[in-house]
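Observations on the model geometry
If you want the building blocks of each chain, they are given just below.
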Amino acid sequence: MDITNRFLKYVSFDTTSDENTGFNPSTPGQMEFARYLQQELIEIGMQDVTLDGNGYLMATLPANCDAEKPVIGFIAHMDTSPDASGKHVKPHIVENYNGSDILLNAEEGILLETEKYPEILNYTGQDIIVTNGKTLLGADDKAGIAEIVTAMEYLLQHPEIKHGKVRIGFTPDEEIGQGADHFDVPAFGCDFAYTMDGGAVGELEFENFNAAACKVTVKGVNVHPGYGYHKMINSMRIAAQFTTLLPRMETPEHTQDYEGFYHLVGMQGTVEETVLTYIIRDHDRHRFEARKLEMEHLARKINREYGDGTATIELRDQYYNMREKIEPVMHVIDLAKEAMKAVGVTPEVKPIRGGTDGARLSFEGLPCPNIFAGGENFHSRFEYLPVQSMQKAFEVILKIIELC
């Protein structure tokens, strides 16, 4: 199966993850997709194909040469983001894109506008896979899976290309921060690996945010509003006050590059109780720790004004900047750069303003930087994937294996 048709088949599976279910994987569609991939890997000739009860799929491409080579891995995630629907994805291909706005849905007049998404002009003359404007596409990260599987199939069909042992792994629930929770690094058995989970062609990333989740719970007192004088304590008003105490310009909409932020991602409340959900991000570990201390400081400030116990904080670290684990093994980055250049791709080393499974895996002993998968506008109904970008990612995988 060619890489485009493989990808189009993959996006037919609804694999939206859900952090509220408490299951592993979090949604049944992910396991359904994993079983499909398991059978496909067996059919193309992969060895040691295993799927565990948590939805982690691994397989081996055996070495076909006597030379001693490191065991290399390639990883991608099966779930799609809950930020937009991943159900009933209706992709279509805009062939030989002419640089104009793309009509995604004539019935509802939904356009992918070049003014809003000017990066698409970089792909003029290419074939671009888009949605019907009602769902995300799923290039994050089914493009990565399609690229890896197609590369494995190609190598199995071309034994004249000599290589060492290669391991591949497909994970659930990356989009909700749980993709590495049950990843068995010793069983994977690699010297190093790459996640195929980046965006535009050339992206090569070994720096990411340090990340934490924060829940602020504000307690109030509810009485009849007609008799609330000096009795009612409205938790929603106090919660709103808390949000204004954080620096206004240190939010996602006002930061870029290496700048960190506080991001309010959820607010739910009544007079009696309001819960604010934040994510905290910073590339610098010291600033990251300072941001967590600031949240605790602001809670104490609220408690001094309204009484002890009014505001409580729950902080949970999610992942750390993989740079400190990659720097001692920079040959992994040099190898990826060399492979990109060999297939006509200019490497663009840049920090991830987010995280990948590779960040946590790097801290578990598996150095795991991130390579482009080719998609743009992830987590959005305006997501798109140039076919030629996917092809280049496939070529990079082959070249890394050949050069390793």
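Conventions used here
- Residues numbered from 1 in each chain as written.
- Predicted model: local features only at pLDDT ≥ 70, side-chain atom pairs only at ≥ 80, totals over all residues.
- Heavy atoms only, no water.
- Pairing = 2+ DSSP bridges.
- Helix = DSSP H or I, 4+ residues; strand = E, 2+ residues; numbered from the N terminus.
- Contact = heavy atoms within 4.5 Å.
- Axes fitted to C-alpha atoms, helices over the stretch in contact; angles between N-to-C directions.
- Expected span 1.5 Å × (residues − 1).
- Buried < 20%, exposed > 50% of the residue type's maximum accessible area, 1.4 Å probe, protein only.
- Salt bridge = Lys/Arg side-chain N within 4 Å of Asp/Glu carboxyl O.
- Phe/Tyr/Trp six-rings, centres within 6.5 Å; stacked < 30°, edge-to-face > 60°.
- Arc of directions from axis to C-beta.
- Core = buried A, V, L, I, M, F, W, Y, C linked by side-chain atoms within 4.5 Å.
- Parallel < 35°, antiparallel > 145°, perpendicular 65-115°, else oblique.
- Nonpolar A, V, L, I, M, F, W, Y, C, P; charged D, E, K, R; others polar.

**Considerations on the pairing of strand 5 (residues 102-105)**
Pairing analysis gives three bridges linking strand 5 to strand 6 (residues 110-112), with the strands arranged antiparallel. Paired with Ile102 across the bridge in strand 6 is Leu112. The antiparallel pairing of strand 5 with strand 6 creates a hairpin that spans four residues between the two strands, and Gly109 there sits at a positive phi of about 65 degrees.

**As for the sheet that holds strand 15 (residues 348-349)**
Taken in spatial order, the eight strands line up as 1-2-8-3-9-16-10-15 in an open sheet, and their pairing is mixed. Lying at the two open borders of the sheet, with one neighbouring strand each, are strand 1 (47-51) and strand 15. Relative to strand 15, strand 10 (residues 203-205) runs parallel, the two being bridged by two bridges. Its bridge partner being in strand 15, Leu204 is matched across the sheet by Val349. Helix-sheet contacts for helix 3 (residues 139-157) involve strand 2 (57-61), strand 3 (72-77), strand 8 (166-171), strand 9 (192-198) and strand 16 (370-372), and the interaxial angle to strand 3 is about 145 degrees.

**A look at helix 3**
Helix length check: helix 3 (19 residues) gives 26 Å between terminal C-alpha atoms against 27 Å at 1.5 Å per residue, within 8%. Counted residue by residue, helix 3 has 16 buried out of 19 residues, so it is predominantly covered.

**Points about the pattern of salt bridges**
Applying the stated rule across the entire model yields 19 salt bridges. For Glu108, the salt bridge goes to Lys134, with nearest N and O atoms at 3.0 Å. With a gap of 26 residues between them, Glu108 in the loop between strand 5 and strand 6 and Lys134 in the loop between strand 7 (128-130) and helix 3 connect regions that are remote in the sequence. According to the relative accessible area criterion, Glu108 is partly exposed, its value standing at 46%. A relative accessible area of 44% places Lys134 in the partly exposed class. Among the salt bridges present, the one from Arg323 reaches Glu207, with a minimum N-O distance of 2.8 Å. Separated by 116 residues along the polypeptide, Arg323 in helix 7 (residues 323-326) and Glu207 in the loop between strand 10 and strand 11 (210-219) bring together distant segments of the chain.

**What about the packing of aromatic side chains?**
Summed over all chains, the structure comprises 15 aromatic pairs. Look at Tyr10 and Tyr36: their rings are 6.4 Å apart centre to centre, the planes differ by 80 degrees, and that puts the pair in the edge-to-face class. Here Tyr10, found in helix 1 (residues 3-10), pairs with Tyr36, found in helix 2 (residues 28-44); they are 26 residues apart in sequence, far enough to count as distant. Judged by its relative accessible area of 0%, Tyr10 falls in the buried class.

**Comments concerning the environment of Glu324**
Here Glu324 shows up in helix 7. For the pair Glu324 and Phe363, spaced 39 residues apart in the sequence, the C-alpha separation amounts to 9.0 Å. Among residues more than four places away in sequence, those in contact with Glu324 are Arg285 and Phe363.

**Concerning helix 5 (residues 235-245)**
All of the buried residues along helix 5 are Ser235, Ile238, Ala239 and Phe242. The arc that holds the buried residues of helix 5, viewed along the axis, is 100 degrees, so those residues lie on one side. Residues of helix 5 that are exposed and point more than 90 degrees away from the buried face comprise Arg237 and Thr244. As for helix 5, its buried residues are in contact with strand 11, strand 13 (273-282), helix 6 (285-306) and strand 14 (311-319).

**A closer look at the pairing of strand 8**
Burial runs high along strand 8: six of the six residues are buried. Side chains of strand 8 alternate between two faces, with Val166, Ile168 and Phe170 and Arg167, Gly169 and Thr171 buried alike. Pairing of strand 2 with strand 8 involves five bridges; the strand directions are antiparallel. Its bridge partner lying in strand 8, Ala59 is registered against Ile168. As paired strands, strand 3 and strand 8 are joined by six bridges and run parallel to one another. Opposite Ala76, over in strand 8, you have Phe170 as the bridge partner.

**Description of the nonpolar core**
Counting residues in each nonpolar core, the largest one holds 71 residues, and the members touching the most others are Phe74, Met152 and Phe170. In contact with Phe170, not counting residues within four places along its chain, are Leu37, Leu41, Gly55, Tyr56, Leu57, Ala76, Met78, Ile145, Ile148 and Val149. Ile238, Phe242, Tyr262 and Ile280 belong to the second-largest nonpolar core, a separate cluster that totals 18 residues.

**Side note on the packing of helix 1 against helix 10 (residues 387-403)**
When two helices pack together, you describe them by how their axes are tilted relative to each other and by the distance separating the axes. It is the contact of helix 1 with helix 10, at a shortest axis distance of 10 Å, that shows an interaxial angle of 105 degrees. Considering the angle they form, helix 1 stands roughly perpendicular to helix 10. Where helix 1 abuts helix 10, its residues Ile3, Thr4 and Phe7 lie against Val387, Met390, Gln391 and Phe394. Of the residues contributing to the contact of helix 1 with helix 10, the split by class is five nonpolar, two polar and no charged.

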